[in-house]
Amino acid sequence: MTTESNEPLRLSKRMSELGLCSRREADEWIARGWVRVDGNVISELGTKILPSQRVTVERQAAAEQSKRVTVLINKPMGYVSGQAEDGYTPAVALIKPENRWPDDPSPEQFHPTQLRSLVPAGRLDIDSVGLLILTQDGRVAKHLIGETTSVDKEYLVRVQYTKGEKLPETELRKLNHGLWMDGKALLPAKVRWQNEDQLSFTLREGKKRQIRRMCDMVGLKVLGLKRVRIGKVKLGDLPVGQWRYLLPDEQF
């Protein structure tokens with residue numbers, strides 16, 4: 001959402017609104033003297049500007065941003081998406097040369113500096129598997145998990161109905177639209193049967209343990225959950241525990 005008023009706002013926030021970079025990247029660039037406002041270099045963090053002022057960045061910033069990598073990993077069971085917790089290993093620990101998919105079509109060479117600031121763009125529960133995106137690029141993170149994101153995500157969910165023989169059609173319709181969570185109505189989803197014990201869920205939001213909680217509300221027990229697509233990027237043939245680089249022509 002861009003600023004409509006003419007109130008001053010932090011330069012880093014304005015740069016994020018303009019889609020130039022993330023706020024964290026903006027602060028880095030400002031500190032390095034790579035940002036100009038109306039042609040003047042601004043190097044003081046916390047500087048406020050008016051939305052009408054012109055923001056430009058030096059070529060070095062664009063060059064550094066182009067070096068930032070985004071990787072896809074097929075997260076195994078038992079790994080956490082983000083920081084290490086309760087003795088569990090974070091998925092980023094799998095990003096090492098020996099776990100790179102041998103069929104990765106990217107010419108990108110692995111370098112340990114790529115692990116610096118490599119953060120998950122979205123989460124995947126410890127007991128869920130499948131496509132997880134890790135990125136150094138703040139623009140990718142904002143696009144996938146920002147407040148205004150419209151990127152949908154598809155999951156294959158193996159289920160067991162606990163209240164009878166078969167899930168009634170009325171309950172399937174509720175999964176598509178009509179459930180509430182944390183005091184708010186869920187956005188419409190696309191939920192359909194893949195086979196007799198597996199559903200496909202396509203969601204545009206990602207509340208904590210959302211699919212498991214949705215299933216619980218209609219009497220379904222989740223036996224397995226795998227994310228297979230984020231936007232236009234699919235998990236495809238990427239083996240469990242392996243990773244590859246996002247290709248330059250791949251768009252979410």
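Owing to the predicted nature of the structure, the values given are computational and were not obtained by experimental measurement.

Chemist: With reference to specific residues and values, describe the pattern of salt bridges.
Modeler: Under the criterion given, the structure shown has 17 salt bridges. Ionic pairing is found between Arg 100 and Asp 104, a salt bridge with its closest N-O pair at 2.9 Å. For the residue pair Arg 100 and Asp 104, the accessibility class agrees, reading buried in each case. Salt bridges here are not isolated pairs; linked through shared partners, they connect Arg 123, Asp 125, Asp 127, Arg 209 and Arg 212.

Chemist: Can you break down the sheet that holds strand S2 (residues 35-37) residue by residue, with the values?
Modeler: Strand order in the open sheet formed by three strands is S3-S2-S5, and the pairing between neighbours is antiparallel. Two strands lie at the open edges of the sheet, namely strand S3 (40-41) and strand S5 (55-57), each paired on one side alone. Where S2 and S5 come together, three bridges link them in antiparallel fashion. Its bridge partner lying in S5, Val 35 is registered against Val 57.

Chemist: Now, about helix H5 (residues 169-176): what can you tell me, with residues and values included?
Modeler: Listing the buried residues of H5 in full gives Glu 171, Leu 172 and Leu 175. Viewed end-on, H5 has its buried residues packed into an arc of 105°, placing them on one side of the element. Trailing H5 by a residue or two, Gly 178 shows a phi angle of about 135°, which is positive.

Chemist: How would you explain the side chain of Gln 210 if you had to name every residue and give the values?
Modeler: Within the secondary structure, Gln 210 is located in helix H6 (residues 210-217). Residue class for Gln 210 comes out buried when judged on its relative accessible area of 4%.

Chemist: Quick rundown of the nonpolar core? Include the residues and the values.
Modeler: Leu 175, Phe 201 and Leu 220 are the most contacted members of the largest nonpolar core, which totals 34 residues. Secondary structure elements with two or more residues in this core: strand S6 (70-75), strand S8 (129-135), strand S9 (153-161), H5, strand S13 (198-203), H6, strand S14 (220-230) and strand S16 (243-245). When residues of this core are assigned to their parent elements, the largest contribution, four residues, is made by S9. Discounting chain neighbours no more than four positions away, the residues touching Leu 220 are Val 159, Gln 160, Tyr 161, Leu 167, Leu 175, Leu 199 and Cys 215.

Definitions and cut-offs
Residues numbered from 1 in each chain as written. Predicted model: local features only at pLDDT ≥ 70, side-chain atom pairs only at ≥ 80, totals over all residues. Heavy atoms only, no water. Salt bridge = Lys/Arg side-chain N within 4 Å of Asp/Glu carboxyl O. Buried < 20%, exposed > 50% of the residue type's maximum accessible area, 1.4 Å probe, protein only. Pairing = 2+ DSSP bridges. Helix = DSSP H or I, 4+ residues; strand = E, 2+ residues; numbered from the N terminus. Arc of directions from axis to C-beta. Core = buried A, V, L, I, M, F, W, Y, C linked by side-chain atoms within 4.5 Å. Contact = heavy atoms within 4.5 Å.

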